[in-house]
Amino acid sequence: MHISKITAVFFSPCGGTEKVLDAFLSALPLPAEKIDLTPFSSSVQSRTFGTEELVIFAAPVYAGRIVPLAMQRFAALRAAHTPAVCLAVYGNRAYEDALLELTDLAKQNGFVPFAAAAALAQHSIMRRVAAGRPDTNDVAKLVDFAKQVWRKVAQAPSAAVLSVPAVPGNHPYKDFKAVGFVPAASAACIRCGRCAAHCPSGAIDLACPEKTDKTRCIFCMGCVSVCPVQARSANKALLWAAEKAFALKFSTRQEPEFFL
Ligand SMILES: Cc1cc2nc3c(=O)[nH]c(=O)nc-3n(C[C@H](O)[C@H](O)[C@H](O)COP(=O)(O)O)c2cc1C
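About the cut-offs
- The numbers attached to residues start from 1 for each chain and follow its sequence in the written order.
- Under the rules for a predicted model, residues below a pLDDT of 70 receive no local features and side-chain atom pairs below 80 are neither given nor counted, while totals for whole chains, interfaces and linings still include all residues.
- Contact assignment follows one rule, namely that a residue is near a molecule or strand if its backbone-placed C-beta atom lies within 6 Å of it.
- We count a stretch as a helix when DSSP gives it H or I for four or more residues in a row; a strand needs E for two or more, and each element gets its number in order from the N terminus.
- Note that Gly is not counted as nonpolar here; it falls among the polar residues with everything else outside the nonpolar set of Ala, Val, Leu, Ile, Met, Phe, Trp, Tyr, Cys and Pro and the charged set of Asp, Glu, Lys and Arg.
- Domain ranges listed in this record stem from an automatic or a database domain assignment.
- To estimate the expected span of a helix, subtract one from its residue number and multiply by 1.5 Å.
- With C-beta atoms placed from the backbone, the exposure class of a residue follows from how many other C-beta atoms lie within 10 Å of its own: 20 or more, buried; 12 or fewer, exposed; in between, partly exposed.
- Pairs of strands are assigned from DSSP output, requiring at least two bridges between the strands.
- With C-beta atoms placed from the backbone, a contact is any residue pair whose C-beta atoms sit within 7 Å.
- In this usage, the nonpolar core is the set of buried Ala, Val, Leu, Ile, Met, Phe, Trp, Tyr and Cys residues whose C-beta atoms join them within 7 Å.
- Between N-to-C directions, angles cover 0 to 180 degrees, with each direction set by a line fitted to C-alpha atoms, over the stretch in contact for helices.
- Angles are sorted into four bins: roughly parallel if under 35 degrees, roughly antiparallel if over 145, roughly perpendicular if 65 to 115, and oblique for all others.
- Left-handed describes a crossing whose near helix is turned anticlockwise from the far helix through less than a right angle; right-handed describes the clockwise counterpart.

Any chance you could break down the site of the ligand for me, citing the residues and the numbers?
Residues in close proximity to the ligand total 27 residues, the closest being Gly16, Thr17, Pro60, Gly91 and Arg93. When residues of the shell around the ligand are assigned to their parent elements, the largest contribution, three residues, is made by strand 4 (residues 53–62). Classifying every residue of the shell around the ligand gives 16 nonpolar, 10 polar and one charged. Each of domain 1 (5–173 + 255–259) and domain 2 (184–234) gives at least three residues to the shell around the ligand.

As structure tokens, then:
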């Protein structure tokens with residue numbers, strides 16, 4: 001089938017998901033329109049994609065699920081049998097029901113998720129886990145996958161004949177219980193406002209960026225990742241202990257998995 005447009009919609013507070021997405025997109029023959037649904041201010045307009053388009057969904061795994069804010073923002077996108085690729089990006093622990101959840105959403109909204117992958121990026125809380133990923137091996141695998149994806153869609157006479165692969169995961173999905181590390185700013189904060197502008201959930205008030213609204217924070221660490229003076233952090237003692245235990249358990253290298 002003829003694909004005239006590629007659109008990539010993604011959610012990536014710390015940039016790991018976007019790196020995976022960029023590696024995938026680099027091997028497709030058309031440039032993609034990238035829609036970043038991470039910022040709180042991102043206007044999620046409902047949009048319906050057509051049959052000659054290819055849409056890529058990319059989002060991080062939180063607690064074995066797709067981060068709920070990403071699911072809410074993706075839910076505004078509809079399709080009329082548009083071929084889609086789902087990428088769930090995780091930090092070397094496990095992706096559990098996340099990829100299934102993402103492909104289910106795509107199907108429910110009229111997409112044909114004929115390809116999916118669980119790929120790796122640095123753990124955004126436990127920074128020493130999966131550090132440096134996606135690395136050159138990951139990128140090579142993502143590039144190879146993207147070429148296979150393109151061949152499959154180009155050779156199919158229509159989206160209706162594209163088969164949707166089974167992906168790991170269970171129904172009902174596991175309960176969503178994300179870890180509660182809420183970052184705050186130290187006295188080093190220069191009140192530049194980057195954290196507030198970057199926060200996906202609107203949990204940081206520009207007028208008072210030292211504080212984080214615990215009821216809104218999704219623990220994504222996006223504010224920590226964009227702070228130009230490293231003033232933001234979750235409780236360092238708690239984080240240090242948790243990271244040590246986590247790294248002992250989950251440092252064995254996981255490899256990306258592809259479903260086509
Ligand atoms: C609150 C939270 C929960 C997470 N849960 C998991 C998890 O269940 N399994 C896992 O392997 N990684 C987990 N991670 C790590 C992220 O999936 C991983 O770092 C991802 O690359 C983050 O995407 P980003 O860099 O685009 O923000 C979690 C990260 C956060 C912030």
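Summarise helix 7 (residues 236–250); cite the residues concerned and give the values.
Look at helix 7: 20 Å from first C-alpha to last across 15 residues, which is about the 21 Å you get at 1.5 Å a residue. With one of 15 residues buried, helix 7 lies mostly on the surface of the structure.

Outline the domain arrangement of the protein, supporting the account with residue identities and numerical values.
Partitioning the protein into structural domains gives domain 1 (5–173 + 255–259) and domain 2 (184–234). A breakdown of the residues in the side of domain 1 that touches domain 2 according to their chemical character gives seven nonpolar, three polar and no charged.

Can you lay out the pairing of strand 4 for me, pointing to particular residues and giving the numbers?
Burial of strand 4 is extensive: nine of the 10 residues sit out of reach of the surface. With six bridges connecting them, strand 4 and strand 7 (residues 82–90) associate as parallel partners. Considered in strand 7, the bridge of Ala59 is made with Ala88. Two strands pair when backbone bridges link them, and strand 4 and strand 5 (residues 65–66) are joined in this way by two bridges, in the antiparallel orientation. Each residue of the ladder has a partner; that of Tyr62, found in strand 5, is Arg65. Between strand 4 and strand 5, which pair antiparallel one after the other, the connecting turn spans two residues, and Ala63 there sits at a positive phi close to 55°.

A description of the environment of Cys223 should follow, citing residues and the corresponding values.
Looking at where Cys223 falls in the secondary structure, it is placed in helix 6 (residues 222–226). Along the chain, Cys223 and Ala197 lie 26 residues apart, while their C-alpha atoms are 8.8 Å from each other. Those residues in contact with Cys223, other than ones at most four positions away along the chain, are Pro183, Cys195, His198, Cys199, Ile204 and Arg232.

Can you tell me about the nonpolar core, naming the residues and giving the values?
In terms of nonpolar packing, the biggest core is built from 77 residues, with Phe57, Leu87 and Ala88 touching the most fellow members. Here this core takes nine residues from strand 8 (residues 111–120), the largest share from any one element. Shared between two domains, this core takes at least three residues from each, and those domains are domain 1 (5–173 + 255–259) and domain 2 (184–234). Dropping the residues within four chain positions of it, Ala88 is found in contact with Ala59, Val61, Ile66, Tyr95, Ala98, Leu99, Leu102 and Ala118.

Tell me about the packing of helix 1 (residues 16–25) against helix 4 (residues 136–155), residues and numbers included.
When two helices pack together, their arrangement is given by the angle between the helix axes and the distance between those axes. Between helix 1 and helix 4, whose axes approach to 7 Å, the crossing angle comes to 50°. Judged by the angle between their axes, helix 1 and helix 4 are oblique. The way helix 1 lies across helix 4 gives a crossing that is right-handed. Residues Val20, Ala23 and Phe24 of helix 1 pack against Val139, Leu142, Val143, Phe145 and Ala146 of helix 4. Broken down by class, the residue content of the contact of helix 1 with helix 4 amounts to eight nonpolar, no polar and no charged.

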